[in-house]
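# Inside the fold
This is what each chain is made of:
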Amino acid sequence: MYLTLKLATFTRYVKMRKYLFISLLFLLGLLSNAQNLAFSGTIYGFYGEKVMLLKKASKNLGFEGPISAVEINVKGIETDIIVYSDLTGAYTFSLPKSGEYIVTVSKDGYSTLSLKVNYQDAGAKTIFSLISFVIRKDDKSVNDFGTLSISDNGALFF
């Protein structure tokens, strides 16, 4: 009887170690594969002269609404992604892994926006939605927006 009890305990121990080993492999697989982090939003346009926020006045400023066929170019060390906004101005793109990226938003006849994205740690987040851009019609300027950092379990810093 003692031998049977020892054998049953040993069998449970082996099964438990097997499940622990499989769980550990699964966890390491999740940690070793950086998750894709998606961005989505809408691109809008405006036209007219510059807005004077300090004087709370504007001249000949008009809102064009969502703009289609805007090119969003995402460049990283091993990444070169180009997507276009759809008919409603909506876009979506994914960053394949952590790293530094340059996101450029452009369309012929409009201003160009450039944004550096420093993706370090998104935590459990897989998408940042409602990140929208506004570009100016009849303007050929290139505007650098600075750096958007994603770190500390998905916190955004601009």
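Numbers given for residues are sequential positions, taken from 1 along each chain in its written order. A pLDDT threshold of at least 70 governs which residues receive local features in this predicted model, and a stricter bar of 80 or more applies before side-chain atom pairs are shown or counted, although totals over entire chains, interfaces and linings include all residues. Side-chain metrics rest on all non-hydrogen atoms present in the structure, leaving aside hydrogens and water.

### Brief notes about empty space enclosed by the protein
Cavities and pockets are found on a 1 Å grid laid over the protein atoms alone: a cavity is a set of points where a 1.4 Å probe fits but cannot escape, a pocket is an open set with protein on both sides within 12 Å along at least five of seven lines, and a lining residue has an atom within 4 Å of such a point. Grid points are joined across faces, edges and corners, and a volume is the space filled by probe spheres set on the points. Under the definition given, this model contains one cavity of 30 Å³ or more. Counted as a void, the largest cavity has a volume near 50 Å³. Lining the largest cavity are Phe39, Tyr91, Phe93, Val103, Leu115, Val117, Ile131, Phe133 and Leu148. Charged means Asp, Glu, Lys or Arg here, nonpolar means Ala, Val, Leu, Ile, Met, Phe, Trp, Tyr, Cys or Pro, and polar covers whatever is left, Gly included. Here the lining of the largest cavity is composed, by residue class, of nine nonpolar, no polar and no charged.

### Looking at the packing of aromatic side chains
For any two aromatic rings, the description comes down to two numbers: the centre-to-centre distance and the angle of the planes. Think of it this way: a Phe, Tyr or Trp ring, Trp meaning its six-membered ring, pairs with another when their centres are within 6.5 Å, and the plane angle makes it stacked under 30 degrees, edge-to-face over 60, tilted otherwise. The final tally for this structure, using the stated rule, is five aromatic pairs. Centroid distance Phe39 to Phe93: 5.3 Å. Interplanar angle 15 degrees. Geometry classified as stacked. Of this pair, Phe39 sits in strand E1 (residues 37–47) while Phe93 sits in strand E7 (residues 90–95); the two residues are 54 residues apart in sequence, bridging distant segments of the chain. Note on Phe39: relative accessible area 3%, which makes it buried. Chaining the aromatic ring pairs together yields one cluster made of Phe39, Tyr91, Phe93, Phe128 and Phe133. Per the convention used, a helix needs a DSSP run of H or I reaching at least four residues, while a strand needs a run of E reaching at least two, with both numbered from the N terminus. Burial here depends on accessible area, computed with a 1.4 Å probe over protein chains only, as a share of the maximum for the residue type. Under 20% is buried, over 50% is exposed, and the range in between is partly exposed.

### Quick word on the sheet that holds strand E9 (residues 112–119)
Strands are labelled as partners when DSSP assigns at least two bridges between them. Across the sheet, which stays open at both edges, the six strands sit in the order E6-E5-E8-E9-E12-E13 with mixed pairing between neighbours. Taken across any chain shown, the strands that pair with only one partner, and hence form the sheet edges, are strand E6 (80–84) and strand E13 (155–157). Within this sheet the neighbouring strands show an average axis-to-axis angle of 20 degrees, counted without direction. Of the pairings in the sheet, the one linking strand E8 (residues 99–106) to E9 comprises seven bridges and is antiparallel in character. Within the sheet, the bridge partner assigned to Val105 lies in E9 and is Leu113. Lines fitted to the C-alpha atoms define the axes, with helices restricted to the stretch that makes contact. Angles between their N-to-C directions range from 0 to 180 degrees.

### Some points on the side chain of Ser151
Position of Ser151 relative to the elements: it lies in strand E12 (residues 142–151). Its relative accessible area of 9% is what places Ser151 among the buried residues. When sequence neighbours within four positions are dropped, the list of residues in contact with Ser151 reads Gln120, Asp121 and Phe157. Residues count as neighbours in contact if any of their non-hydrogen atoms are within 4.5 Å of one another.

### Quick word on the pairing of E12
Pairing geometry for E9 and E12, over seven bridges, is parallel. Bridge pairing links Ser114 to Asp144 in E12. Once E12 ends, the chain turns through three residues before running back antiparallel as E13, passing Asp152 with a positive phi of about 50 degrees.

### What to know about the nonpolar core
Nonpolar cores were defined as sets of buried Ala, Val, Leu, Ile, Met, Phe, Trp, Tyr and Cys residues, with membership established by side-chain atoms within 4.5 Å. Core analysis: the biggest nonpolar cluster contains 25 residues, and Phe39, Ile72 and Phe93 have the highest contact counts within it. Considering each element in turn, this core owes the most residues, four residues, to E9. Ignoring any residue separated from it by four or fewer positions in sequence, one finds Phe39 in contact with Tyr91, Thr92, Phe93, Leu95, Val117, Phe128, Ile131, Leu148 and Ile150.

That's the geometry; what it means functionally is another story.
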